[in-house]
Structure formats: structure tokens, C-alpha cells
Amino acid sequence: TRLRPHSPSPPPMQSAPLRLAVIGAGAAGLAAARELRREGHAPVVFERAAAVGGTWLYAPPATSSDPLGAAATHSSLYASLRTNLPRESMGFLDFPFSAAAPGSADPRRFPGHEEVLRYLEAFARRFDLLRLVRFETEVLRVRREGRGKWEVTSRKLGDKGSGQEEVYDAVVVCNGHYTEPRIAVIPGVDAWPGKQMHSHNYRVPEPFLDQVVIIIGAAASADDISRDIASTAKEVHIADRSAPVCTCVKQPGYDNLWLHSMIDRAEEDGSVVFQDGSSIKADVIMHCTGYLYDFPFLGDDSTITVDDNCVDPLYKHVFPPEVAPQLSFIGLPWKVIPFPLFELQSKWVAGVLSGRIVLPSKEEMMEDVKAFYSKLEARGWPKRYTHNFSNYQFEYDDWLAEQCSHPPIEEWRKQMYAINGINKAIRPESYRDEWDDDHLVAEANEDFKKYL
Ligand code: FAD
């Protein structure tokens, strides 16, 4: 990307203020709204829910009629959820997620989910974002109009009819990617008599009292939910597709929690057979198998498609080259510290929209996308890992920061993220309460003084 010369403070906006639609008022939508308005634009934020917070708006255990589906329940949070990142690292760059901040009610370093919601609410209030949000208003359709503009059709909850149509100069998509469940394929499961559900619909362990539960998955939610359910269930068996075929290991500290290789098949008599041939009669299969990107409001004219969880083509995971910068996506990367990344992506989008930051040509952007895919292929990564940033999130963040004449991510934040990963591997049970990086906490808190 070609940049105008760096200057200590952002130069004035080049274009007239734009009327922008932001879809979603989770962390990404709030970050986008703030940066777009800072740049002098006029964002309207559409939010299906009645409040800001997105993922962090816990929905009580009511749950859906389809325990495998995306459901009416809004968020994927379970009651016991505490953050899996230390709070100092998790917050926006200039709005610390500090226990010392006004409004904090859970001082733990890895607080419960309610504290994250309080933090996002405080962010929205501090930057006066609430009045930009149209609550209980769902975006139904986004279509390209003449002159590079976009027609957005939205409908207020409870309204009948086809919705309200409005034209915007550009659309920033911040709809999150933790609500559309990805389900594991299990041969024979249709005839299997037990109950299946997705972690999206898991809330509390009590319904699993004395049951035998199989958890599929090996990521954060499988880790947390298997331990949560082990507190009430008779037995919990984790099926991990990356575990060697002969795996059958009782987990340290538990009498009723085992790790296995992946499920081979399910049978009519209630058995679930693992790849090593061993089998267990189970009551429940819980799919902790992640989520799918889904943009039901976009049409072909968005120029993107989603295949095997790859949103294609996107320049730097944000702009579809053909329609950039009038359409953009904030928050697609995973295996990251989300909020700072959302913030930097949003600054970039805001600067590009006002013409302060210049994108390469369409052809150059497409070349960049192709070069990125070649790198993934050379690494042997499957397509579904296109937006998995486990190896280069900070490189990406710093690239974005450079585009925006913003300082790079702080060294303490980078180190804290790495050390937390190691601590979690060493102390999977207790990493949220025991750590060895107090020196980084002190450094972060010192840094935060300029914002608090
Ligand atoms: P979301 O929070 O999902 O927000 C999207 C918003 O868009 C929602 O409010 C939704 O209602 C709205 N929306 C969607 N479609 C429409 C539409 N058509 N019209 C109008 N509105 C619409 N991150 C961390 O930093 N630390 C953690 O410890 C952590 N733990 C997590 C645990 C779980 C179980 C999950 C699922 C995620 C966790 N995350 C964590 C990641 C978390 O998702 C991000 O931190 C962040 O909240 C994502 O924000 P978002 O705005 O991209 O998406």
C-alpha cells in the first residue's frame, strides 16, 4: 500500500464526510464507529440486539429448539466463561481494560464475561457511540447501487414488511463470526439415538448431571466446556482429531475426563466408536467445532464468496479489491488479540475512506491476495486456515499501524500474549490464576497511566 508521507498528527480528511453503514455493535462495530467518526464521517450502526457488546451479551440458558443450530440465542457465551487472554493485553490500545478503570467490578486478571461487557459499554459511553446505534434493527440486504454506493435494507424488530431502504457511501461489515455453528461429520449419527448440540448453545453444566458426554474439539471452548461439564457429568470424553489414533488418556486431576482420538462412527445402539476401535455408550455429543463466516445480507455484487471458511478475495483480510473501499470487513482474523486488531483495521478503513491513505490498484491488491494464498499453500495450511493468524498477528497489526501512522503494538503486549500461550499449555487448569509475568503487568499498568 502506498502511503502519503507520515506526519505526527493525522492530516485533515481529503474527502467530504461520508454517510456510512456499520453492521454490528460488538467490539468490532464499536471500534469502527469510533474511528470513522474520528475521521469526520457519519456512521450509522445497525444492531440486531437491544444493546451493544455482541458476543459479550450473555443470553441465559433458555436455548433454542435446534441445539445444533445458530438459534435465536444471541451469543455463544457460557455462564462460567472467564477471558482466555489477560485483560491488560485484551483492551483497545488507548482505552485500557484495567481493573483500575472506573466501573470495573471484577478485578481478576482473567475476569468473567460480565466484566468485558461492562468494559465495552464504558467504551461506547466514553466515546459517545450509543447515539450512533440503531438498536433492534437487522440489516437484511446490502446491494450495490449506481455510482459505487450501496443500498442497505434494514428492519426494526417486530416490524412487518420488507424493511427500510437507504443509500450509503460505503458499508463496513462487523457482524462477528461466532454464531453460525460448524458441525463435525460423523458417519452413522443420523441413526444414533443420543442428543447432539453445538457449544454455541451450551450455558451451564447442570443438565448433564450423571450423563456420558462426548466433546468434539480441541480449542478453547472444548477445553473450558469439558472441564465445566465434568463437574456434573458421569463421564466426559474429548475427541480430538489431531490426537494420535491410539489416544485414550485420563486427564490429570480428573476421575471422569478422558482424551481420545477422533470419532470414527456412531451406532444405532447408542455407541460412539473412536478411531482406535474403542467405544462408549454416550448420551450427548457436543460439537465444540467452531463457527462459519456468514454474510446472509450480501449478494453476488459484494464480489466475495465464502468457501471452506475462506472469505475470498480480500486485500489484507479487509477490502474486496473490486469494490474497495466502499465495502470492508472488520474482525475476520482469528487466533489473535481481537480488540486492538479491530481498532487498527478500523483506523485503516477510516483513513482509506477519507482518501488520506491510498490503496494500491485493484490489480495490485489481487496480486497481493494471490501471493498470500501461495504462502498458505507452501506452508501446507488448509483453506479453512486463511484467516488463522496464529503466526503473524503482530506483524499484521504493525503493518496496519504503519499505514495509519500509529505506533506499533507495545512490546509488553506481544510478550504477554506469547507468555500466556505457554502458561496455558503448562497450567491448563490454573493459568487464569497463576502466572509468572508480573513484570509485564507492571509495565502495562505504567503505560495505562497516560489513558486512565
Ligand atoms: P460480535 O461480538 O459477534 O458482534 C457482532 C454484532 O453484529 C452482534 O451484536 C450481532 O447482533 C450484530 N449483527 C450480526 N448480523 C447483523 C445484522 N444482519 N444486522 C444487524 N446486526 C447484526 N476475545 C477476547 O479478546 N478474549 C476472550 O477471552 C475471548 N473469549 C471468547 C470466548 C467465546 C466463547 C467466544 C465465542 C469468543 C471469544 N472471544 C474472546 C472473541 C470475541 O468474539 C471477540 O472478542 C469479539 O467480541 C468479537 O467482536 P465482533 O464485533 O467481531 O463480533
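What counts, and at which threshold
- Residues numbered from 1 in each chain as written.
- Predicted model: local features only at pLDDT ≥ 70, side-chain atom pairs only at ≥ 80, totals over all residues.
- Heavy atoms only, no water.
- Helix = DSSP H or I, 4+ residues; strand = E, 2+ residues; numbered from the N terminus.
- Buried < 20%, exposed > 50% of the residue type's maximum accessible area, 1.4 Å probe, protein only.
- Contact = heavy atoms within 4.5 Å.
- Near = heavy atom within 4 Å.
- Polar contact = N/O pair within 3.5 Å; in protein donor to acceptor, adjacent residues only side chain to side chain.
- Areas by Shrake-Rupley, 256 points an atom, 1.4 Å probe, with all protein chains shown as cover.

(A) How the structure looks around the side chain of T153. Take T153: it is sitting in strand β5 (residues 150–156). Under the relative-accessibility criterion, T153 is labelled buried at 1%. Among all residues touching T153, those that are not within four sequence positions of it are E138, V139, L140, R141, S162, G163, Q164 and E165.

(B) Inspection of the site of the ligand at higher detail. Around the ligand lies a shell of 29 residues, among which E47, T55, W56, N84 and V139 are the nearest. In the environment of the ligand, an oxygen atom lies 2.7 Å from a nitrogen or oxygen atom belonging to the backbone of T55. Here N84 contributes a backbone N or O atom positioned 2.8 Å from an oxygen atom of the ligand. Considering the ligand on its own, with 980 Å² of exposed area, one finds that the protein chains cover 93% of that surface. Going through the elements one at a time, α1 (27–38), β4 (137–144) and α5 (338–353) are the ones with two or more residues in the shell around the ligand.

(C) Structural view of unusual backbone geometry. Cis peptide bonds are those with omega within 30 degrees of zero, and the linkage from D312 to P313 qualifies with -10°. Its location among the elements puts P313 in the loop between β18 (310–312) and β19 (327–329). Positioned with a positive phi, D210 is a non-glycine residue whose angle comes to about 65°. When you line up the elements, D210 lands in the loop between β8 (195–198) and β9 (212–216).

(D) The arrangement of the side chain of K414 in detail. By the element assignment, K414 lies in helix α8 (residues 411–426). For K414, a relative accessible area of 17% corresponds to the buried category. Apart from the residues lying within four places of it in its own chain, the contact partners of K414 are F394, D398 and I409.

(E) Geometry of the environment of R147. Looking at where R147 falls in the secondary structure, it is placed in the loop between β4 and β5. Since its relative accessible area comes to 67%, R147 is described here as exposed. Along the backbone, R147 and D169 are 22 residues apart, and their C-alpha atoms lie at a distance of 9.1 Å.

(F) Helix α7 (residues 393–403), seen in detail. Along α7, eight of the 11 residues are buried, which leaves the element largely enclosed by surrounding structure. Looking only at α7, the buried set comprises Q393, F394, Y396, D397, D398, L400, A401 and Q403. For α7, the elements touching its buried residues are α5 and α8. One or two positions beyond α7, positive phi appears at S405, with a value near 55°.

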